[in-house]
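Here's the letter readout for the chains.
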Protein chains: 2
Amino acid sequence: MPRPRKFRESDVVSSAGEVFAVHGLAAATLDDLVRATGLGKQSLYNAFGGKRELFLRALSEDRDEATRAVTEALGHDDALPLEQIRGHMLRMAIEFSSTDRRVSLTTRALVESTGAEDSLSTVSKAGIEQLAGAYAQCLEHARENGDLPADANVQSLAVYFVAVTRGMELLGRAGVGRGVLTAVALDALRVLHGQRMEAADDAR
Amino acid sequence: MPRPRKFRESDVVSSAGEVFAVHGLAAATLDDLVRATGLGKQSLYNAFGGKRELFLRALSEDRDEATRAVTEALGHDDALPLEQIRGHMLRMAIEFSSTDRRVSLTTRALVESTGAEDSLSTVSKAGIEQLAGAYAQCLEHARENGDLPADANVQSLAVYFVAVTRGMELLGRAGVGRGVLTAVALDALRVLHGQRMEAADDAR
DNA sequence: TACGTTATTGACCATACGGTCAAAAACTTG
DNA sequence: CAAGTTTTTGACCGTATGGTCAATAACGTA
């Protein structure tokens, strides 16, 4: 009996996410959101509660989407895990060298959060862990395959890849071009090859 | 004959930088700046021109300071270049795992800039290049020493280290602790040891 | 077709923001 | 000690922000 909504929540969250990705939470105005989503202010408010809550929704969606993308990219059974990571990193290099103004909502949340208590912080922290989990899974496969040493620290390597990709994102924002970013990605990947070499060089 | 100022510009820029590092450009209010610097609004405006200009000043100072710190950390002649980088990265891991809410102004500028034309973007881009230059210098020494292969791509490795440190900064914000961050730094450093190994593993 | 429920609309509000003005104060020099 | 210059002070301003209200519209159901 109630009047039905004219919109799909997921569409609204997605449009809003676009706005937030370009402007950030603080700099995005309610008007931007109204324009982008097509909803009235009050409808937005009814459905989500406010700018911040809407951002949180978009953030969760964004992080799930990012995790899903990575998981899928690294989850093919028909290719070697290390090759999948390689391809993934190269794709990231290209993506981050695009000239659009988007910044992942996780990065934005991390930078705009006001403290560790802040929901922005806790949600994006969870996102980082999700992402690291996706890498870890793939790395674990590689280890089982013997492509990584048995004593490789899969957990820290996973976090390492998250760090590198976040850094590449920032560098892309700074205008670092596709060629350099690709070289950086390739550098980053060498970690997976040189695992055993550490002791030898350290000794000199 | 003019009335002298009551403040040193560098002090003001430094206090303002503190505010910006914690809140960012958009979220820092003029009142925050007035309170932190001790100056009146109008004095601030006379001396610097406005919030944005003040941020730009703080950003330049911050990036010079960061470059100076890295250059100094990597410039000792009495230690092996690679050892210096190692020490530096481990120190960064500790710094970034601190719980304070500071974010480097370069990162903030990159995220808050509205486009490639934006002075925020151009200045922080220059900062990234300065920083990469500092790493490159040290890596070049290492190459001359024979600690890196003669054909190592010093330039991209330098950018790689900038990317990793930026990523570590973000991870620190996400609450990743000192232990994990240190492990990540050590992972990142393996790149310098495994340089020659690439072909061998790729072949399998 | 009338009722109940909820969405939508657009006007409205208080606030706090970045920025400005004009008067007063403080210092140096002649 | 007075003139001249610049800083400082604190009140002031227009705007645009995030958020709210009350009236209206639209739907499903009975």
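Because the structure is predicted, anything quoted here is derived from the model rather than measured. (Residues numbered from 1 in each chain as written. Chains lettered and ligands numbered in written order. Predicted model: local features only at pLDDT ≥ 70, side-chain atom pairs only at ≥ 80, totals over all residues.)

A.B. asks: I tried to follow the overall build of chain A on my own but got confused; where do I start?
C.D. replies: Helix and strand counts for chain A come out as 10 helices and zero strands. In chain A, the succession of helices and strands from N to C terminus is α-α-α-α-α-α-α-α-α-α. Along the longest, intermediate and shortest principal axes, the C-alpha atoms of chain A span 70 × 40 × 35 Å. Split into buried and exposed, the 204 residues of chain A put 45% on the buried side. (Helix = DSSP H or I, 4+ residues; strand = E, 2+ residues; numbered from the N terminus. Buried ≥ 20, exposed ≤ 12 C-beta atoms within 10 Å, placed from the backbone.)

A.B. asks: I'm lost on helix α4 (residues 51-73) of chain B in this one. Help?
C.D. replies: For the α-helix, the turn length of 3.6 residues means that residues three or four positions removed from each other point alike. Residue and element names in this part refer to chain B. With 23 residues, α4 should reach 33 Å at 1.5 Å per residue; the first-to-last C-alpha distance of 32 Å fits that figure. For α4, the full list of buried residues reads Leu54, Phe55, Leu56, Arg57, Ala58, Leu59, Asp62, Arg63 and Val70. Against the buried residues of α4 lie α1 (9-23), α2 (30-37), α3 (41-48), α5 (81-96), α6 (105-112) and α7 (119-145). (Expected span 1.5 Å × (residues − 1). Contact = placed C-beta atoms within 7 Å.)

A.B. asks: Teacher, can you tell me more about the packing of α5(B) against helix α9 (residues 178-189) of chain B here?
C.D. replies: When two helices pack together, their arrangement is given by the angle between the helix axes and the distance between those axes. All names here are of chain B. Running from amino to carboxyl end, α5 crosses α9 at an angle of 155°, the nearest separation of the two axes being 8 Å. Regarding the angle of α5 to α9, the classification is roughly antiparallel. Classified by chirality, the crossing of α9 by α5 is right-handed. Note on element contacts: α9 touches α5 through Arg178, Leu181, Thr182, Val184, Ala185, Ala188 and Leu189, opposite Arg86, Met89, Leu90, Met92, Ala93, Ile94 and Phe96. Each residue belonging to the contact of α5 with α9 can be placed in one class, and the counts come to 11 nonpolar, one polar and two charged. (Axes fitted to C-alpha atoms, helices over the stretch in contact; angles between N-to-C directions. Parallel < 35°, antiparallel > 145°, perpendicular 65-115°, else oblique. Left-handed = near helix turned anticlockwise from the far one by under 90°. Nonpolar A, V, L, I, M, F, W, Y, C, P; charged D, E, K, R; others polar.)

A.B. asks: Explanation requested: α5(B) in the structure shown.
C.D. replies: All names here are of chain B. Between its first and last C-alpha, α5 extends 22 Å over 16 residues, near the 22 Å set by a 1.5 Å rise per residue. Every buried residue of α5 is accounted for by Pro81, Leu82, Ile85, His88, Met89, Met92, Ala93 and Phe96. End-on view of α5: buried residues confined to an arc of 145°, all on one side of the axis. Against α4, α7, α8 (154-173) and α9 lie the buried residues of α5. (Arc of directions from axis to C-beta.)

A.B. asks: Can you help me understand the packing of α4(B) against α7(B) in this one?
C.D. replies: Residues and elements named next belong to chain B. At their nearest, the axes of α4 and α7 sit 9 Å apart, and the two run at 10° to each other. Considering their axes alone, α4 and α7 lie roughly parallel with respect to each other. From α4, Leu56, Leu59, Ser60, Arg63, Ala66, Thr67, Val70 and Thr71 reach across to α7, where they touch Ser119, Val123, Ser124, Gly127, Gln130, Leu131 and Ala134. Partitioning the contact of α4 with α7 into residue classes produces seven nonpolar, seven polar and one charged.

A.B. asks: Sorry, what's going on with the interface of chain A and chain B here?
C.D. replies: Where interface size is quoted, it is often the accessible area lost as the parts come together. Across the boundary between the two partners, chain A contributes 46 residues, which contact 46 residues of chain B. Secondary-structure elements contributing two or more residues to the side of chain A that touches chain B are α6 (105-112), α7 (119-145), α8 (154-173), α9 (178-189) and α10 (198-203) of chain A. The element that contributes the greatest number of residues to the side of chain A that touches chain B is α8(A), accounting for 13 residues. Its residues assigned to classes, the side of chain A that touches chain B shows 24 nonpolar, 12 polar and 10 charged.

A.B. asks: What exactly am I supposed to notice about the relation of the copies chain A and chain B here?
C.D. replies: Between the two copies of the chain lies a rotation about an axis combined with a shift along it. Structural alignment of chain A on chain B gives an RMSD of 0.0 Å, achieved by rotating through 180° and translating 0.0 Å along the axis. Seen this way, the second copy is the image of the first under a two-fold rotation axis. Here 100% of the contact residues of chain A are again contact residues in chain B; the copies associate through an equivalent surface. (Least-squares fit on C-alpha atoms with pLDDT ≥ 70 in both.)

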